[in-house]
Each structure stands twice: as structure tokens, then as C-alpha cells.
Amino acid sequence: MSDPAGSTRTVNTVERGIAEASRWALRLLVLGVGVAGLLWLLGKGWSLLLPLLLAVLLSAILWPLAQVLRAVLPRSIAALVAILILVAVVVGIFAALIPNVASQAGDVADSAVAGLEQVQGWVNGPPLNLGGEEIGNLVDQGVNELQSNAQNIALGVVGGVGTVGASIGSGLVTFLLVLVLTFFCLSDGDRLLPWSRRWMDATTHHHATQLGTRVWATVRGYIMSQAAVALVDALFIGVGLWIIGVPFALPLAVAIFFAAFIPIVGAVVTGVLATLVALVTLGWVQALIVLGIVLLVQQLEGNVLQPLLVGKTLALHPAVVIGSVTIGGTLFGITGAFLAVPVAAIITVVLRYVHHVLLPDEPENPAVEEKKHPRRRRVPSPDEQPAGGATGVDATTGSTGSTGASVAEDAPRGGRRP
């Protein structure tokens, strides 16, 4: 006999599942529309948002120097001097690199020609056995293709030159705007939150102050820790390149330093570049040594420096870092890849603070709180003690305590006792 009640329960379960799935689909649809609208707004205001983000990051680098200069100079003069010092350092670095590159460019070109001759000899031999006639035919075909498409290529080159010129002009305007915004951030940035008090009520101003302080601390911590990681990468790899005798060791070290601010991607690109330079100029043995040095330094960075410095500051999962760099690079190119991690860190800080405000009994950052205040193993009560009255041992410090020790450590920090 059939069970009408069971059939009814099955139908109700299916209906509830479909209704719940429909509600979640609607929520995801609304969320997707909101994200698309936000990206559209970011695209429209990118010309102002990008200089502002870069100015905040630059201000985080120059803030300690500006604070020192404020001891003897007015705010505005201290900010201006700090910016001028940074510009002078960057210009000095590139001025020192130009003679180094120029002096070794000829040797690298000769090595590249020799490498091409070796490749040609390999192509002529087994297993390809392509003779000079076959190679000549391939070259002739390439020349004919170029001649037949010369007009299109010329138009493309002219268009490319125009695009490059427009990009240089836009980059110059962005650079000047970044310097102006950095000046105002250094001179009046710490006055922004107190000044906003007149436009907000007490509760809103409190939350704005707390959130602004957390965001600024996160940005400063990320920039300083990432700079330390980049310096270690550039120093160790640069010294290794210099010892092996790779040309352009100093320019490559500088490129490694700046590329390290793009997590994962920057290290891979500069490592491949250094290996290729060693392969072209010195040979495959030295190239393998360079590759080993790069991999060793990257292991040091990924397993020691990143968790110790950057991870401690941001507490972001590696999957979040990889995903943010991928999305930022896809949407906004190399600039998006550079800004992806700090922006993801800012969003994470905001979400953690909102969660902490809604649920004040829970820690704002569980990973950091667990490291600062590790939980202790509960001490057994007298009834649970084994025969002989053994004492409890603290799981964290290893010290012994009495059997009647308090178990208050088991309760969440700031939580209510049952």
C-alpha cells in the first residue's frame, strides 16, 4: 500500500528546496547586478580613483619621513620636502642605471647574435636537418609577407605611436595628480577625521574614526612589510647575479624590487627575465644556477618572509591574494594587479569591522587574536583528576597549576558567562 503521508512530506521537501534555491538565485542575481554597477562606477571614476589610491600608498611610504620633518618644518613644507626627497631618490636610481645598461648593451647584443648562430647550427643538424636553402626560403616568405602587408603594418605603427603618445600624456597627468594628492595627504591627512566630526553625529563619527584608523594601519603595514620583502628579494637575487657574472645585475635587481609589489606574478616574470639573460649571455649552466637562486629566494619569501611580515599584517589567505591579483590584472592591467592586494586588504578590514560591530562578542580578526591570546587547555576539576592528585599542566606555557585553577580561559574573550 502507498503511504500518502510520506508522499506529501516528499513533495513539501522538494517545494521547500526549490523555494530556497529560488531565493538564493534571486540574491545572487541582485548581488551580481550590484557588483556590475560598482565596476561600472569604478570605470567611470577611474581617472580620479587611480591617482587617489596611488597617493594613499605613496603617503604611507613617506609618512614616517614627513613626521620627522614636521619637528623642524611646518606641515606643508615638510610634505613638500618629503616628496622632493622621494623624487630625487628615484631619479638618482635611474640615472645610475643608464650608464650601467649602456656599457653592457653591446656585450649582450653580441651574445644574442652568437646564441642565434648556435640555434641556426642546431636547426641545420639532426633531427631537423634544415639546410641553408630551406632557411633562405623561409626568410624569403617572411619578407614577401611583410612587403604585401607593408601598408597595413605602417598604419598600425602610426596608430600605435599615437596610442603610445596619448598614454605618455595621460601617464604624465596622472603622475602630477598623484604628487598633488600625496602632498595634501601628507600635510592634512591626519586632520581629515577630526574635521569630519562637524558633518557627522557622534556614532557615525566614532565608526568612521575606528574604520579609518584600521584601514590606514593596514595600508601602512602592507606597504612597509612588502617593501622589506622586495628589498630582501632584490638583494639576494642581485648578489647572486653579480657573483655569477650576469650582465645587467643591478638593473635586474631594481626590476625585481619593484616587481615584488605585485605578488606572485612579479616574482615569476622577473625570475624568468633574469634566467633568460643568463641563458643568452653565459649559457645554460649559469642559467640553471640563476634559476635555482631565484627559486630558493622565492621559497624563502613564500615560507618565511610573507607569512612573518605581510601575512601578519593582512591575515589574508593565499587564495584571496591570487584571486585578487588575477581579477585586478584582468580588469585594469598591471596597475590593477599592483593595487589588487591592498584593495582586497581594505575590503577585508571593512567587512571584519562590520562583522565585529554586529557581533561584538566575537573577535574582529580570529587569526590574529588566536596568535595573541592562544586558548589554554581546560584544567580538569578535582572529580576528574586521576588518583594521586596530579596537577594540571598549562597547554600553552607548560607550567603546572593547582587542580582548582579557574577555567575562565575557556570562555571567548569578551563573551558572556553562561
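First, a word on what this report is: a plain description of the structure on this page. (Residues numbered from 1 in each chain as written. Predicted model: local features only at pLDDT ≥ 70, side-chain atom pairs only at ≥ 80, totals over all residues. Heavy atoms only, no water.)

## Observations concerning the overall build of the chain
Helices and strands together make up the secondary structure of the chain, namely 12 helices and two strands. Along the chain, from the amino end to the carboxyl end, the secondary structure elements read α-α-α-α-α-α-α-α-α-α-α-α-β-β. Each of the 418 residues in the chain was classed as buried or not, and the buried ones make up 24%. The contacts of the chain with a sequence gap of at least 6 include a subset with a gap of at least 24, amounting to 64%. (Helix = DSSP H or I, 4+ residues; strand = E, 2+ residues; numbered from the N terminus. Buried < 20%, exposed > 50% of the residue type's maximum accessible area, 1.4 Å probe, protein only. Contact = heavy atoms within 4.5 Å.)

## Here's the deal with the packing of helix H7 (residues 202–244) against helix H8 (residues 249–259)
Helix-helix packing is characterised by the crossing angle of the two axes and by the distance between the axes. The contact between H7 and H8 brings their axes to 8 Å, and the two run at 160°. Compared by their axis directions, H7 and H8 come out roughly antiparallel. Here the hand of the crossing between H7 and H8 comes out right-handed. Note on element contacts: H8 touches H7 through Ala249, Leu252, Ala253, Ile256 and Phe257, opposite Ala227, Ala230, Leu231, Asp233, Ala234, Ile237, Gly238, Leu241 and Trp242. Split by residue class, the contact of H7 with H8 holds 12 nonpolar, one polar and one charged. (Axes fitted to C-alpha atoms, helices over the stretch in contact; angles between N-to-C directions. Parallel < 35°, antiparallel > 145°, perpendicular 65-115°, else oblique. Left-handed = near helix turned anticlockwise from the far one by under 90°. Nonpolar A, V, L, I, M, F, W, Y, C, P; charged D, E, K, R; others polar.)

## Describing the packing of aromatic side chains
Here a ring pair, both rings aromatic, is described through the centre-centre distance and the interplanar angle of the planes. A full pass over the atoms with the stated rule returns four aromatic pairs. A centroid spacing of 5.3 Å and a plane angle of 80° characterise the contact between phenylalanine 257 and phenylalanine 258, whose relative ring orientation is edge-to-face. With relative accessibility at 24%, the residue phenylalanine 257 sits in the partly exposed group. A residue is classified by how much of its surface remains accessible, and phenylalanine 258, at 41% relative accessible area, is partly exposed. On the basis of an interplanar angle of 80° and a centroid distance of 5.7 Å, the ring pair of phenylalanine 257 and phenylalanine 261 is categorised as edge-to-face. Clustering of aromatic rings is evident, with ring pairs tying together Phe257, Phe258 and Phe261. Here arginine 27 stacks its cationic end above the ring of tryptophan 24, 4.8 Å away from the centre of that ring. (Phe/Tyr/Trp six-rings, centres within 6.5 Å; stacked < 30°, edge-to-face > 60°. Lys NZ or Arg CZ within 6 Å of the ring centre and 35° of its normal.)

## Side note on the nonpolar core
Formed by 16 residues in total, the largest nonpolar core has its most connected members in Leu57, Val219, Ile223, Val321, Val325 and Val341. Those elements that place two or more of their residues in this core are helix H2 (46–69), H7 and helix H11 (318–358). In this structure, Phe248, Ile256, Ala274 and Val297 belong to the second largest nonpolar core, which totals 15 residues. (Core = buried A, V, L, I, M, F, W, Y, C linked by side-chain atoms within 4.5 Å.)

## Overview of unusual backbone geometry
For phenylalanine 248, which is not glycine, the phi dihedral falls at a positive 60°. With respect to the secondary-structure elements, phenylalanine 248 resides in the loop between H7 and H8.

## Some thoughts on H7
An α-helical segment advances 3.6 residues per turn. Residues three or four places apart therefore align on the same side. Helix length check: H7 (43 residues) gives 63 Å between terminal C-alpha atoms against 63 Å at 1.5 Å per residue, within 8%. For H7, the capping residue at the N-terminal end is aspartate 201, with a side-chain oxygen 3.1 Å from the backbone nitrogen of threonine 203. Two residues or fewer past H7, glycine 245 is found with a positive phi of approximately 95°. (Expected span 1.5 Å × (residues − 1). Polar contact = N/O pair within 3.5 Å; in protein donor to acceptor, adjacent residues only side chain to side chain.)

## Things to note about the pattern of salt bridges
Following the criterion strictly, the structure yields four salt bridges and no others. One salt bridge connects arginine 75 with aspartate 190, and the closest N-O pair in it is separated by 2.9 Å. Highlighted residues: arginine 75 in helix H3 (residues 75–124) and aspartate 190 in the loop between helix H5 (150–188) and helix H6 (192–195), separated in sequence by 115 residues. The class for aspartate 190 is partly exposed, based on a relative accessible area of 33%. Note that arginine 191 is salt-bridged to aspartate 188, the shortest N-O span being 3.5 Å. By relative accessible area, arginine 191 is classed as partly exposed at 44%. (Salt bridge = Lys/Arg side-chain N within 4 Å of Asp/Glu carboxyl O.)

## Here's the deal with a nonpolar patch on the surface
A surface patch of nonpolar side chains, about 990 Å² in accessible area, is lined by Val268, Val272, Leu276, Leu279, Val280, Trp284, Val285, Leu288, Ile289, Leu291 and Leu295. Where the nonpolar patch is concerned, the elements lending two or more residues are helix H9 (265–281) and helix H10 (284–314). Residue contributions to the nonpolar patch peak at six residues, all from H10. With respect to the helices, strands and loops of the structure, isoleucine 289 is situated in helix H10. Overall, isoleucine 289 belongs to the partly exposed group, its relative accessible area being 42%. (Patch = residues over 30% accessible without salt bridge, like charges linked within 9 Å, V, L, I, M, F, W, Y side chains within 5 Å. Areas by Shrake-Rupley, 256 points an atom, 1.4 Å probe, with all protein chains shown as cover.)

## Things to note about the packing of H7 against H11
Axis separation between H7 and H11 bottoms out at 10 Å; the angle between their running directions is 145°. Remark: the crossing between H7 and H11 carries right-handed chirality. Every residue of H11 that contacts H7 at His206, His207, Gln210, Leu211, Arg214, Val215, Thr218, Val219 and Tyr222 is listed here: Val341, Pro342, Ala345, Ile346, Val349, Val350, Tyr353 and Val357.

## Looking at H9
The terminal C-alpha atoms of H9, which comprises 17 residues, lie 25 Å apart, in line with the 24 Å expected from a rise of 1.5 Å per residue. For H9, the complete set of buried residues consists of Gly266, Ala267, Thr270, Gly271, Ala274, Thr275, Val277, Ala278 and Thr281. Axial view of H9: buried residues confined to an arc of 160°, hence all on one face. One or two positions beyond H9, positive phi appears at glycine 283, with a value near 130°. (Arc of directions from axis to C-beta.)

## Things to note about the side chain of threonine 281
Here threonine 281 lies in helix H9. Taking the relative accessible area as the measure of exposure, threonine 281 reaches 18% and is therefore buried.

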